[in-house]
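The primary structure of each chain is shown beneath.
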Amino acid sequence: MMSDTLGPGLVQKQANIYFDGKCVSHAVTLPDGSRKTVGVIFPAQLTFTTGAAERMELVAGACQVRLPGQAWKAFRGGQHFDVPANSQFDIDVSETLHYVCHFL
């Protein structure tokens, strides 16, 4: 029987596809139990809802982000932003965004 994950940590082989394909990610669980998603967001303006606190590490691309109670702020690959638990944020992606989401 074929597994839905790959080891030694666990990589979810089936992609998570959101917003009609504008965001595609794969979930990763490391041996220490920490969780991450790795993916891309194609140019679009989207609103994400969070359960856990997150750090969005931007690998490449460009966007503007509006965090709860804040003004829009520009980000590029090599930067990151933190999202509080149980909140939402708006993102306007102008250049395909490659990211790693670290669940805190």
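Residues numbered from 1 in each chain as written. Predicted model: local features only at pLDDT ≥ 70, side-chain atom pairs only at ≥ 80, totals over all residues. Heavy atoms only, no water.

### Considering the packing of aromatic side chains
On inspection of all chains with the given rule, the structure shows four aromatic pairs. Consider the rings of Phe75 and Phe81, whose centres lie 5.1 Å apart with planes at 45 degrees: the pair is tilted. In this structure, Phe75 and Phe81 share a single accessibility class: buried. On the basis of an interplanar angle of 70 degrees and a centroid distance of 5.6 Å, the ring pair of Phe81 and Phe89 is categorised as edge-to-face. In terms of burial, Phe81 and Phe89 fall into one category: buried. A connected cluster of aromatic rings, assembled from ring pairs, spans Phe19, Phe48, Phe75, Phe81 and Phe89. Geometry around Phe103 places Arg35 over its ring, the cationic atom sitting 4.4 Å from the centre. (Phe/Tyr/Trp six-rings, centres within 6.5 Å; stacked < 30°, edge-to-face > 60°. Buried < 20%, exposed > 50% of the residue type's maximum accessible area, 1.4 Å probe, protein only. Lys NZ or Arg CZ within 6 Å of the ring centre and 35° of its normal.)

### Describing the side chain of Thr37
Note that Thr37 resides in strand E5 (residues 35–41). With residues near it in sequence (within four places) discarded, Thr37 still touches Ser25, His26, Ala27, Tyr99, Val100, Cys101 and Phe103. (Helix = DSSP H or I, 4+ residues; strand = E, 2+ residues; numbered from the N terminus. Contact = heavy atoms within 4.5 Å.)

### Comments concerning the layout of surface pockets
Estimates place the volume of the largest pocket at around 350 Å³. In terms of lining, the largest pocket is formed by 19 residues, of which the most central are Tyr18, Thr37, Phe48, Glu54 and Phe103. Looking at the lining of the largest pocket, the elements with two or more residues in it are strand E3 (16–18), strand E4 (23–29), E5, strand E6 (44–49), strand E7 (54–66) and strand E10 (88–103). A per-class count over the lining of the largest pocket returns 11 nonpolar, five polar and three charged. (1 Å grid on protein atoms, 1.4 Å probe; cavity = no way out; pocket = protein on both sides within 12 Å on 5 of 7 lines; lining within 4 Å. Points joined across faces, edges and corners; volume = space filled by probe spheres on them. Nonpolar A, V, L, I, M, F, W, Y, C, P; charged D, E, K, R; others polar.)

### Some details on the pairing of strand E9 (residues 80–83)
Here E9 shows a clear split, with Phe81 and Val83 buried on one side and none of His80 and Asp82 buried on the other. Relative to E9, E7 is paired through four bridges, and the arrangement is antiparallel. Bridging across to E9, Met56 finds its partner in Phe81. (Pairing = 2+ DSSP bridges.)

### Considerations on the pattern of salt bridges
Between side chains of opposite charge, a pair can form as their charged atoms come close. Going through the model one piece at a time under the given rule, you end up with three salt bridges. Note that Arg76 is salt-bridged to Glu95, the shortest N-O span being 3.5 Å. Of this pair, Arg76 sits in strand E8 (residues 73–76) while Glu95 sits in strand E10, placing them 19 residues apart in sequence. Taking the relative accessible area as the measure of exposure, Glu95 reaches 38% and is therefore partly exposed. (Salt bridge = Lys/Arg side-chain N within 4 Å of Asp/Glu carboxyl O.)

### Points about the environment of Thr37
Using a relative accessible area of 13% as the deciding quantity, one classes Thr37 as buried. When the C-alpha positions of Thr37 and Met56 are compared, they lie 9.6 Å apart, and in sequence the two are 19 residues distant.

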